[in-house]
Amino acid sequence: MTTPLQSYSEHARAVLKLGLPLIASNLAMFAIHMTDTIMLGWYDVTALAASTIAGTLFFVVFIVGSGFAFAVTPMVAAAAEEDNEQQVRRVTRMAVWLSVFYGLVVSVPFIFAEQILLAIGQDPAVAALGQDYLHIAALGMIPALLVMTFKSFLAGLERTGIILYSTIAAALMNVLVNYALIFGNLGAPELGIRGAAIASVMVQLLTVAILLGYALRVLPQFELLRNVLRPDPEIMARVFRLGLPIGLTSLAEGGLFAASAVMMGWIGAIELAAHGIAIQWASVMFMVHIGFSQTATVRAGRALGRRDEPNLRRGGITAMAMSGAFVVFTVILFLTIPEQLVAIFIDPDEPARDTVLRIGVVLLAVAGLFQAVDALQVMALGLLRGVQDTAVPMVMAIISYWVIGLPSAYLLAFTFDMGPIGLWLGLVIGLTVAGVLMSWRFWRQSVHIEA
């Protein structure tokens, strides 16, 4: 049976219905990181710099393993469109296995966090605090990966409301625990950056419990714990083949931003703190585009299950247009009230406040520019994941970010002595190339999914 061609307004309503809870949950999830940044910025600028670089390293390692979780969304969406409940369960179970294996392996190097941070040129005080953070945060690696797996399972089934509610609960808990443990309030010890790490681990454990409990109680037909210890080599191989390129693609992009943080640290701790603040604002706006991208993945996955090329293309156009409209809003915001946005993160009594403000304001102006190209690449990437095309986009990402973007950032920042601005312009170049290549790839691939 042929699926009727939906109008653009129908696609827009469907994107909003599925996407708004995902966008809100992404913003709530980011509020957890934002809370850490604001509270540590109020606590101590060195702690803020340490959390910026240590958190970046954690994220880079985490995002590679998240590829297995991200593979769940299009595979579950396609299986659900075919009413194959057993396939949904098998995919989710093997993603959990891969997430646990990966988490066990990658947590070990964090034992040597201080040596790693010193080796990449960070200030000794920043490296010492970064180790304090990572020794604790490493305990949350497996729970964090499981959170992503269960979120992807639920998103693939278009059960996005519980993702939002669980993330809001986690964000509220993070504020409370940070308030207690960073500053020593509510009778708790003053732990500084270690308190922020403890809060993050507690948040991940709470979220896993909520999501798994919901899946078992509300979606019993999928029997997620059935044969949970039974290996499934065929499905594991499929999840691995689809998920590894996703993880490496995310590493290429995440690694670009991690490298930019490292290079900003070479310029100075004050510049690194300003960079961290500007990245926070760019990232919080980017959560909206990630939500649209996740929605595009689900809807493209279901279109793939139906072999419905016309609605796939029309849905892709709609999602990209909605993402583009939010880019316009972001650019206006960054250009009109940059000082107010940066000042939120800095204690009024901080001696370096004026310097951080000055640098942060300029970086936000550049952030408005790369927000547009970053949105383009993540939307194209979400659509490609929906049609289970991940290997070629991985190659495109590696070339765009590491062959073009990172060298451009280095040359502009250091060779041409443009400092922080040049470094960020290098990011813009890499993201632009990625956005153009991946968009071209999707529109070329989308004509080949019909039965």
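In case you missed it, the structure is sitting above this.
Counting restarts for each chain: residues are numbered from 1 in the order of the written sequence. Only residues with pLDDT of 70 or above have their local features reported here, since the model is predicted, and side-chain atom pairs are shown and tallied only from 80 upward, although totals for entire chains, interfaces and linings are computed over all residues. Neither water nor hydrogens contribute to the side-chain values; these are computed over all heavy atoms in the structure.

A. Structural view of the packing of helix 9 (residues 233–267) against helix 14 (residues 391–415). The geometry of helix 9 relative to helix 14 is characterised by a closest axis approach of 8 Å and an angle of 10 degrees between their N-to-C directions. What the angle tells us is that helix 9 and helix 14 run roughly parallel. Between helix 9 and helix 14, the residues in contact are Pro245, Leu248, Thr249, Leu251, Ala252, Glu253, Gly255, Leu256, Ala259, Met263, Trp266 and Ile267 and Ala391, Pro393, Met394, Ala397, Ile398, Tyr401, Trp402, Gly405, Leu406, Ala409, Tyr410 and Phe414, respectively. For this classification, the nonpolar set comprises Ala, Val, Leu, Ile, Met, Phe, Trp, Tyr, Cys and Pro, the charged set comprises Asp, Glu, Lys and Arg, and every other residue, Gly included, is treated as polar. Counted by class, the contact of helix 9 with helix 14 contains 20 nonpolar, three polar and one charged residues. Simply put, an axis is a line fit to the C-alpha atoms, just over the touching stretch for a helix, and the angle between two N-to-C directions goes from 0 to 180 degrees. Working definition: helices are DSSP H or I runs of at least four residues, strands are E runs of at least two. Numbering for both runs from the N terminus. Small angles under 35 degrees read as roughly parallel and large ones over 145 as roughly antiparallel, with 65 to 115 read as roughly perpendicular and the rest as oblique. Any two residues having at least one pair of non-hydrogen atoms within 4.5 Å are treated as being in contact.

B. Up close: the packing of aromatic side chains. Two rings from Phe, Tyr or Trp (for Trp, the six-membered ring) form a pair when their centres are within 6.5 Å of each other. A pair whose planes differ by under 30 degrees is stacked, one over 60 is edge-to-face, and the rest are tilted. Scanning the entire structure with this criterion turns up eleven aromatic pairs. Ring centres of Tyr43 and Phe183 lie 5.9 Å apart, and the angle between their planes is 70 degrees; on these two criteria the pair is classed as edge-to-face. You can see Tyr43 sitting in helix 1 (residues 8–43) and its partner Phe183 sitting in helix 7 (residues 161–183), a full 140 residues away along the chain. For Tyr43, a relative accessible area of 32% gives the class partly exposed. A relative accessible area of 26% means that Phe183 is categorised as partly exposed. On the basis of an interplanar angle of 90 degrees and a centroid distance of 5.9 Å, the ring pair of Phe153 and Phe222 is categorised as edge-to-face. Exposed residues in this analysis have more than 50% of their type's maximum accessible area, buried residues have under 20%, and partly exposed residues fall in between, with area computed by a 1.4 Å probe over protein chains only.

C. Geometry of the layout of surface pockets. A 1.4 Å probe that fits but cannot get out identifies a cavity on a 1 Å grid over protein atoms alone, an open set with protein on both sides within 12 Å along at least five of seven lines counts as a pocket, and a residue lines either if it has an atom within 4 Å of a point. Grid points are joined across faces, edges and corners, and a volume is the space filled by probe spheres set on the points. The calculated volume of the largest pocket comes to roughly 240 Å³. The wall of the largest pocket is formed by 19 residues, among which Gln6, His11, Arg299, Arg302 and Arg306 lie closest to the centre. Among the secondary structure elements, those contributing two or more residues to the lining of the largest pocket are helix 1, helix 10 (269–306) and helix 11 (309–336). Here the residues of the lining of the largest pocket are counted per class, giving seven nonpolar, seven polar and five charged.

D. Helix 1, seen in detail. For helix 1, with 36 residues, the first-to-last C-alpha span of 49 Å sits near the 52 Å given by 1.5 Å per residue. For a residue, the bend is simply the angle between two axes, fitted respectively to the seven-residue segment ending there and the seven-residue segment starting there. Its axis deflected by about 40 degrees at Gly19, helix 1 carries its strongest bend there, up to four residues before the proline Pro21. Multiplying one less than the number of residues by 1.5 Å gives the expected span of a helix.

E. Focus on helix 5 (residues 124–137). Here helix 5 spans 20 Å end to end across 14 residues, near enough to the 20 Å set by a 1.5 Å rise per residue. All of the buried residues in helix 5 are Val126, Ala127, Gly130, Gln131, Tyr133, Leu134, Ile136 and Ala137. Of the surrounding elements, those touching the buried residues of helix 5 are helix 2 (45–81), helix 4 (113–119), helix 6 (141–156) and helix 8 (193–218). With a side-chain oxygen positioned 2.9 Å from the backbone nitrogen of Ala125, the residue opening helix 5 is Asp123. Here a polar contact is taken to be a pair of N or O atoms separated by no more than 3.5 Å, where protein atoms must pair a possible hydrogen donor with a possible acceptor and residues adjacent in sequence count only if both atoms sit in side chains.

F. View of the side chain of Gln280. Examined against the element boundaries, Gln280 turns out to sit in helix 10. In this structure Gln280 comes out as buried when scored by relative accessible area, which is 13%. Sequence-distant contacts of Gln280, that is, excluding residues within four places in its chain, are made with Phe30, His33, Met34, Thr37 and Phe345.

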